[in-house]
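This is what each chain is made of:
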Amino acid sequence: METTLESSFCLAVDQAVKEGKKISMITHVLGDTGEEKLKYILSTILRKVDRLDLMELLYTSAKELIVNSTKAAIKRIIFEDMKFDIRNLGDYEQGMKLFKTNLNDRKFPSYKKKMKEHGFNVKISCTYKNDKFDLEIRNNFPLIPIEAERIKEKFLHAKKYDNLFEFFMEHGDNTEGAGMGITMVEILLSQSGFDRRLFSIYSSEKRNETIARVEVPLKQISVAKSTYEQLFLD
Ligand SMILES: Nc1ncnc2c1ncn2[C@@H]1O[C@H](COP(=O)(O)OP(=O)(O)O)[C@@H](O)[C@H]1O
Ligand SMILES: [Mg+2]
């Protein structure tokens, strides 16, 4: 759905981009307006650095990573409400059953208020300097060991695929919510001709945060795999 952004928002973004400022947005559950704002921020920056070709990669990656961050927060809310200890393996299994049966994307917005009450938010930041674009999606809590392990597995799994076509051939396109966010971001980077290691997820207990980061060199002429091959299906 198209929404119209307030002109004061657009003007403020334009000005900040002109001044080369870091641009951040705080969200809880990204809705239509949030998506439009994110799109506006990304496209304004990318237009400035003359790399609008990176829009698809960065916007899709940001959305996947924001959903992961929102889901992680909702998971913690469900555990806290049920008085389950998220770091206890038995509790974790029980809690995850509830999390999975009770939750689908459509229910996310109903958790917005609770996220605020629990003090959870998702911070999206864009920096662009020294010919590098840096996208960060931050949760204000650390990962638990099981999540860190799952993330490690996903990173290993993604190495198998060079492009989304190969991935869909093996998994079908029935992948929504089927655990492919991290894989997707890696494949998109690789498919755009970038090093997969430009995508990382880092967590710190001390700083009480988890940050998913996608760094893209702006001056590198990426030989996108899609530019030297046009692939059709019969
Ligand atoms: N920001 C995050 N906080 C906590 N756990 C995360 C985060 N991002 C990813 N994870 C963990 O990594 C797993 C894999 O993520 P992903 O590949 O996007 O698949 P899916 O979200 O469909 O499970 C998640 O299920 C979750 O356990
Ligand atoms: Mg995901």
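Residues numbered from 1 in each chain as written. Chains lettered and ligands numbered in written order. Predicted model: local features only at pLDDT ≥ 70, side-chain atom pairs only at ≥ 80, totals over all residues. Heavy atoms only, no water.

The name given to the chain in an unreviewed UniProt entry is Histidine kinase, with Leptospira ognonensis as the source organism.

*Asks:* Can you help me understand the sheet that holds strand β4 (residues 199-204) in this one?
*Replies:* By way of backbone hydrogen bonds, the strands of a sheet pair with one another, either parallel or antiparallel. Across the sheet, which stays open at both edges, the 5 strands sit in the order β1-β2-β3-β5-β4 with antiparallel pairing between neighbours. A strand with exactly one partner marks an edge of an open sheet, and here the two such strands are β1 (23-27) and β4. Looking at each pair of strands side by side, their axes are set apart by 15° on average, direction ignored. In the sheet, strand β3 (residues 132-139) pairs with strand β5 (residues 209-217) via 8 bridges, with the strands oriented antiparallel. Bridging across to β5, Ile137 finds its partner in Ala212. Running at roughly 140° to β4, helix α8 (residues 181-191) makes contact with β4 and β5 of the sheet. (Pairing = 2+ DSSP bridges. Helix = DSSP H or I, 4+ residues; strand = E, 2+ residues; numbered from the N terminus. Axes fitted to C-alpha atoms, helices over the stretch in contact; angles between N-to-C directions. Contact = heavy atoms within 4.5 Å.)

*Asks:* Could you clarify how one ought to interpret the pattern of salt bridges in this entry?
*Replies:* Charged atoms that come close allow side chains of opposite charge to pair. Evaluated as defined, the whole model comprises 19 salt bridges. One salt bridge in this structure joins Lys75 and Glu147, with 2.8 Å as the shortest N-O distance. Of this pair, Lys75 sits in helix α3 (residues 55-82) while Glu147 sits in helix α6 (residues 145-158), placing them 72 residues apart in sequence. Take Glu147: its relative accessible area is 8%, and that puts it in the buried class. A single salt-bridge network, built from bridges that share partners, covers Lys75, Arg76 and Glu147. (Salt bridge = Lys/Arg side-chain N within 4 Å of Asp/Glu carboxyl O. Buried < 20%, exposed > 50% of the residue type's maximum accessible area, 1.4 Å probe, protein only.)

*Asks:* Help me understand the environment of Lys100, please; the structure alone is not making it clear to me.
*Replies:* Along the chain, Lys100 falls in helix α4 (residues 89-102). Judged by its relative accessible area of 61%, Lys100 is exposed. In this structure, the C-alpha to C-alpha distance between Lys100 and Asn88, residues 12 residues apart in sequence, is 18 Å.

*Asks:* Please explain a nonpolar patch on the surface as it appears in this structure.
*Replies:* The grouping of Phe165, Met169 and Leu233 at the surface amounts to a nonpolar patch, some 350 Å² of accessible area in total. Along the chain, Met169 falls in helix α7 (residues 164-171). (Patch = residues over 30% accessible without salt bridge, like charges linked within 9 Å, V, L, I, M, F, W, Y side chains within 5 Å. Areas by Shrake-Rupley, 256 points an atom, 1.4 Å probe, with all protein chains shown as cover.)

*Asks:* For this particular structure, what's the right way to read the environment of Asp50?
*Replies:* Relative to the elements of secondary structure, Asp50 occurs in the loop between α2 (32-48) and α3. The exposure class of Asp50 is exposed, given its relative accessible area of 66%. C-alpha separation for the pair Asp50 and Lys219, spaced 169 residues apart in sequence, amounts to 10.0 Å.

*Asks:* How should unusual backbone geometry be read in this particular structure?
*Replies:* Trans is the common state for peptide bonds, and a negative phi is the common state for residues other than glycine. Residues other than glycine seldom take positive phi values, yet Asn130 does so here, at roughly 50°. Positionally, Asn130 belongs in the loop between β2 (122-129) and β3. Overall, Asn130 belongs to the exposed group, its relative accessible area being 71%. The backbone of Asn208 sits at a positive phi, close to 55°, despite the residue not being glycine.

*Asks:* In this structure, what is going on with the pairing of β3? I would like to understand it.
*Replies:* Along a regular strand, successive side chains alternate from one face of the sheet to the other. Burial analysis of β3 places 6 of its 8 residues in the buried class, the great majority of the element. With 8 bridges joining them, β2 and β3 adopt antiparallel strand pairing. Counted as the bridge partner of Thr127 is Asp134 from β3. Hairpin connection between β2 and β3: a loop of 2 residues separates the two successive antiparallel strands, and Asn130 in this loop has a positive phi of roughly 50°.

*Asks:* What is the right way to look at the pairing of β2 in this model?
*Replies:* Here β1 runs beside β2; their pairing, made up of 5 bridges, is antiparallel. Bridging across to β2, Ser24 finds its partner in Ser125.

*Asks:* Explain the nonpolar core to me, please; I cannot follow it from the model alone.
*Replies:* Grouped burial of nonpolar side chains is what soluble globular proteins tend to show. Counting 68 residues, the largest nonpolar core has Leu38, Leu58, Phe133, Leu135, Ile137 and Val214 as the members making the most contacts within it. A per-element tally of this core places α3 first, with 13 residues. Apart from the residues lying within four places of it in its own chain, the contact partners of Leu135 are Leu58, Ala62, Ile124, Ser125, Cys126, Ala212, Arg213 and Val214. (Core = buried A, V, L, I, M, F, W, Y, C linked by side-chain atoms within 4.5 Å.)

*Asks:* Would you take a moment to explain α6 for this structure?
*Replies:* For α6, with 14 residues, the first-to-last C-alpha span of 20 Å sits near the 20 Å given by 1.5 Å per residue. Listed as buried for α6 are Glu147, Ile151, Phe155 and Ala158. Seen end-on, α6 carries its buried residues on one side only, within an arc spanning 80°. Away from the buried face of α6 by more than 90 degrees, exposed residues Pro145, Lys152 and Leu156 are located. Packing partners of the buried residues in α6 comprise α3, α4, α8 and β4. (Expected span 1.5 Å × (residues − 1). Arc of directions from axis to C-beta.)

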